[in-house]
Amino acid sequence: IGEGRPRVAATLRALNGALGRPAALWVKESGTRNLRHRDFLAPRAALSAAFPGGQVPPEAVSAVPSLRGPSVLPLHVCRQTPAGLAVQVRRPEAFQRLLGPLPGPAPLAAEARTGCVVLHCPALRSPAALRPRHLRSVLLADHLAQLLRSQGVGVCLVPTLSEERSWDILRQLHINWPSASSGSSLTDAVSALKAALSRCPCAAVCEQKLSTAEGVICKVHLKSFVEQEGLLGYYPNLDVLLVTEGTLQSLAELQEAVLQCPVSDPKAPPAFCFPSQSSCCNVVHVVNCEEEFQQQQLDVLWRILDSGAHTALQKHLVCGPVKVTNPSSPIGADQYFQLRKHQMHEASVIKYGELAQDEAWTEVIDTLTAAAIRFEMLSTAHRSQITLDLESNSISTKGTKSGAFVMYNCARLATLFNTFQRAVEQGTYPPLPPASELNFSCLREEGEWLLLFNYLLPFPEVLQQAAQLLPPSKGIRITANTEIVCKFLIQLSMDFSSYYNRVHILGEPFPHLFDQMFARLQLLGAVRDVFHSALATLHLPPLSQI
């Protein structure tokens, strides 16, 4: 959906401007029952706070339907109701504006980057096998990288993967993470950091016994630096850090990633909420809560050794705990995947019978398993605890809140369009006409407006919101709203499924029915595109059949 389309935010700004008040008075409706009567509402309580007696001047009310703008929805009527001031959209024109061709040439994609972010995931440095808690932070970083790229932000992922161990679990979950490359630049960076350590007033030589036994280079007093600089948000018990060769390797790789970040256009507005300098590289440490203390140590050490702007802009995106119920022993990420895959296979056999035993289904079940795990890990706010019940089949294909359910509905759309295309080739239907020739006034079913108004219209703004990194008023922790993508897809799947089960799209091949069928296919083609774009941020390929 291009930039010339209507937007929710632009429409709300126009509505608020029409009432002449700085406060945000209007809300967008989303529930089926309310959408039968109105699309936007200025609630009675908000009007009472903004106007004497809650009475809006009649001239302001009468001006609302005449609001215009390239991104403003066409408005039909504005009237006083017991609930407040209600506005309805001119729906046929809204369908045309969102589904039809753009009135002018398509806007050129901006060439300038709007910033750069280094996403650092320390879980991938762990010498031990990955656990589900590690997997959560890796999946979050991978998802956030895709969301930021969708908004034109350059992203570098750290650390690069060592070739000395197997990363099958990342491949199985469609995690696209860079591998290690050979070169002397990292060695040079480590040498530079050692030189900085030798000049550092916070560093002290370790006892010979400790240095020899544990490979410690020196010890650094972190607490005094934190207090001296007035840094906020750090653990009060940060004290002495024993610096090893591995510690400096980690910092050197972060240094290299910062240097590789594309320089952004300083005139371009930042696509995320921090910092004020869009031309500077931002570093985000994506950690689980059990790694947070160690990562704060590394953060402070980097600030001590490098006074550059990028170290001052370090932020921490912390994942809540992952609780596994009734484990017979600690479970690894690989075991977790294989267990969910076995459960998905069993659920598929129950639903589809012998078909699910076919070899062609192996890839389908792998993708369904990856989707189930991603939704299990990412549909909860990253700050909250996740509980994994490994004994019950919580990823059943029947559940409406699972990744499998989303993939199933995406596949239903693929089947619909494949069936239509075969019918066209057989001469049953004529080809789908250009969008400019379609009659969108045929779309009168309430489920059709629900799909357009709640999903096609706000989707670009959903991606923008999901990619925002919200800074704290003080401290180093930031918040992301990435979970809204999974929730959006689940709700879209539920409303699409309800509509698809109720409405027969490919009807009898009678010419007088073609207008409605073609308009519906155009709508569902746009729904399919939203599914594909949202799933791409989760690195999930859409299924062509299921």
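Note that the structure is predicted; figures quoted are calculated from it, not measured.

Student: Sorry if this is basic, but what is going on with unusual backbone geometry here?
Tutor: Generally, phi is negative for residues other than glycine and the peptide bonds are trans, each holding for most cases. Note that the residue after Val158, namely Pro159, is joined by a cis bond; omega there is 0 degrees. Assignment of secondary structure puts Pro159 in the loop between β6 (154-158) and α7 (168-172). Phi is positive for His174, which is not a glycine, with a value near 60 degrees. With respect to the secondary-structure elements, His174 resides in the loop between α7 and α8 (185-198). Judged by relative accessible area, His174 falls into the partly exposed class, the value being 26%. A positive phi angle, close to 55 degrees, is found at His539, a residue other than glycine. Along the polypeptide, His539 turns up in the segment after α20 (511-536). Residue classification places His539 among the buried positions, given a relative accessible area of 17%.

Student: Looking at this model, I keep getting lost on the pairing of strand β4 (residues 84-89). Mind explaining?
Tutor: Regular strands have side chains that alternate between both faces of the sheet. Burial of β4 is extensive: six of the six residues sit out of reach of the surface. Strand direction decides the pairing type here: strand β2 (residues 40-43) and β4, joined by four bridges, are antiparallel. In the sheet register, Phe40 faces β4, and the bridge partner there is Val87. Summarising the sheet, strand β3 (residues 75-81) and β4 pair through six bridges and their orientation is antiparallel.

Student: Even after reading the chapter, I still don't get the environment of Gln296, so can you show me in this structure?
Tutor: For Gln296, the position within the fold is in helix α12 (residues 292-305). Spatially, the C-alpha atom of Gln296 lies 9.7 Å from that of Lys315, the residues being 19 residues apart in sequence. Here Gln296 is in contact with Gly233, Tyr234, Tyr235, Leu238, His316 and Ile476, once residues within four sequence places are set aside.

Basis of the calculations
Residues numbered from 1 in each chain as written. Predicted model: local features only at pLDDT ≥ 70, side-chain atom pairs only at ≥ 80, totals over all residues. Heavy atoms only, no water. Helix = DSSP H or I, 4+ residues; strand = E, 2+ residues; numbered from the N terminus. Buried < 20%, exposed > 50% of the residue type's maximum accessible area, 1.4 Å probe, protein only. Pairing = 2+ DSSP bridges. Contact = heavy atoms within 4.5 Å.

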